[in-house]
Amino acid sequence: MFYALFRPFLFLSDAERAHNLSLAMLKVAPIASLGASDPLLAQNVASLDFRNPVGLAAGYDKNAEVPLEILRLGFGFTEVGTLTPLPQAGNPQPRLFRLVEDRAVINRMGFNNGGQADAMARLAHLVRDRGAGPIGINIGANKDSVDRIADYVTGVRNMERFADYLTINISSPNTPGLRALQDKAALDDLLARSMDARTLGKPVFLKVAPDLQPADIDDIVQVAIARGIAALIVSNTTISRPDLRSSHRDESGGLSGAPLGNLAQQRLVDFRKASGGQIPLIGVGGIASAADAYARIRAGASLVQIYSALVYEGPGLAKRINAGLARLLKADGFRSLADAVGVDA
């Protein structure tokens, strides 16, 4: 209710300025504890325990400034980053746009972040809450890197000791040429070198784009399984443009939010079919309600992530989704969330 009253004033600000303001507010918000989570929602994925399946996707907490505060909002896990080996400013502003009429966002941020060393110094002093969920670290390559695969290897070596899991992000549309690493040969080289760079054996997830052809999906699944990837995050933002009403509809960048929902759902179905359930999937894109999350779970997602919906629904969304998920699972007679994963596949 408070957010509904506050949102019109927040929306008077530029979207990126409002984002930064929300980070500043979260740092001082009086959120004392994790709060309860229905045991029905507990999941174990990649040998990690999740108190509930709703995570915050990478892109919000780029520099690992508020991971504990995010978990205290009711999230079962959070993913910081994308972090690159060296700091970079990202693309010129403005680069983040609210499409209010479409309940969507377009961004062309370009992996703006303070670099891995800055985040490492912060994460080294993190004191975890007992029972809090995993903290993942999303790693990427610098835009001007002469060897982008080497950047991912560096990211694994730098960030593994601070992460419960690492995510290799090759799916952003805002770093030119990055998505080419999804091609089979390049992906195999990337994953082989990245997995070999680990010293602690932390699980590695792979984040893929929704703008893929069937052959791409088959290749990605084959390589990911062969190289021991622990989960696939399906998916990132899209460069496609469905019918949109907002005046910002022609901005370049990745589209997220409600208009991405159908495409992201279909890609999850596609990856489940291609993998035959051999690798856990994390559903992302256009999730704004318990019903949305439940549809992804029934389609094959073991976990889900949200981000853009928070812009419109506020910081209490994770708790509302979890409460609704518990009701839906109980209504359908499931004894655990794991029992519902992939029942519609």
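Check the entry above for the structure.
An account of the accompanying structure is given in this report.

Rules used in this analysis
Numbering of residues starts from 1 in each chain and follows the order in which that chain's sequence is written. Under the rules for a predicted model, residues below a pLDDT of 70 receive no local features and side-chain atom pairs below 80 are neither given nor counted, while totals for whole chains, interfaces and linings still include all residues. Derived side-chain values reflect all non-hydrogen atoms in the structure, with water molecules and hydrogen atoms excluded from consideration. Secondary structure elements follow DSSP: runs of H or I of four or more residues count as helices, runs of E of two or more count as strands, with numbering from the N terminus. Exposure is judged per residue with a 1.4 Å probe applied to protein chains only, and the accessible area is read against the type maximum: over 50% gives exposed, under 20% gives buried, and values in between give partly exposed. Contact definition: two residues touch when any of their heavy atoms are within 4.5 Å. Polar contact is the term for a pair of N or O atoms within 3.5 Å; when the atoms are in protein, one must be able to donate a hydrogen and the other to accept it, and sequence-neighboring residues count only if both atoms are side-chain atoms. DSSP calls a pair of strands paired once it identifies at least 2 bridges connecting them. Axes here refer to lines fitted to C-alpha atoms; in helices the fit is confined to the stretch in contact. Angles between the N-to-C directions go from 0 to 180 degrees. A crossover gets the label right-handed when its path from the first strand over the helix to the second runs clockwise, viewed with the strands pointing away from the viewer.

### Examining the environment of Gln43
Part 1 of the reasoning: Structurally, the position occupied by Gln43 is in strand 1 (residues 43-45).
Part 2 of the reasoning: Looking at Gln43, the relative accessible area reads 8%, which means it is buried.
Part 3 of the reasoning: It is 9.3 Å that separates the C-alpha atoms of Gln43 and Gly76, two residues lying 33 residues apart in sequence.
Part 4 of the reasoning: Setting aside residues no more than four positions away along its own chain, Gln43 makes contact with Leu48, Asp49, Phe50, Ser302, Leu303, Leu337, Ala338 and Val341.
Part 5 of the reasoning: There is a polar contact of 2.9 Å between the side chain of Gln43 and the backbone oxygen of Ser302.

### A look at the sheet that holds strand 9 (residues 204-208)
Part 1 of the reasoning: What the eight strands build is a closed barrel, ordered 3-4-7-8-9-10-12-13; its pairing is parallel. Neighbour-to-neighbour, the strand axes of this sheet turn through a mean angle of 25°, independent of strand direction.
Part 2 of the reasoning: One ladder, built from two bridges, connects strand 3 (residues 54-56) with strand 4 (residues 77-83); its direction is parallel. From the neighbouring strand, Leu56 faces strand 4, where its bridge partner is Thr78.

### Some details on the pairing of strand 8 (residues 165-169)
Two faces make up the sheet, and in a regular strand the side chains alternate between them.
Part 1 of the reasoning: Of all the five residues making up strand 8, five are buried; the element is thus mostly covered by neighbouring parts of the structure.
Part 2 of the reasoning: Residues of strand 8 alternate between two faces, with Tyr165, Thr167 and Asn169 on one and Leu166 and Ile168 on the opposite face, all of them buried.
Part 3 of the reasoning: Bridge count between strand 7 (residues 135-139) and strand 8: four bridges; the pairing is parallel. Following the sheet pairing, Ile137 is matched in strand 8 by Leu166.
Part 4 of the reasoning: Each parallel crossover has a hand, and for strand 7 linked through helix 5 (residues 148-159) to strand 8 it is right-handed.
Part 5 of the reasoning: Sheet topology note: the strand 8/strand 9 ladder contains four bridges and is parallel. Bridge pairing in strand 9 places Leu166 opposite Val204.
Part 6 of the reasoning: Regarding the hand of the β-α-β motif, the stretch spanning strand 8, helix 6 (residues 184-196) and strand 9 is right-handed.

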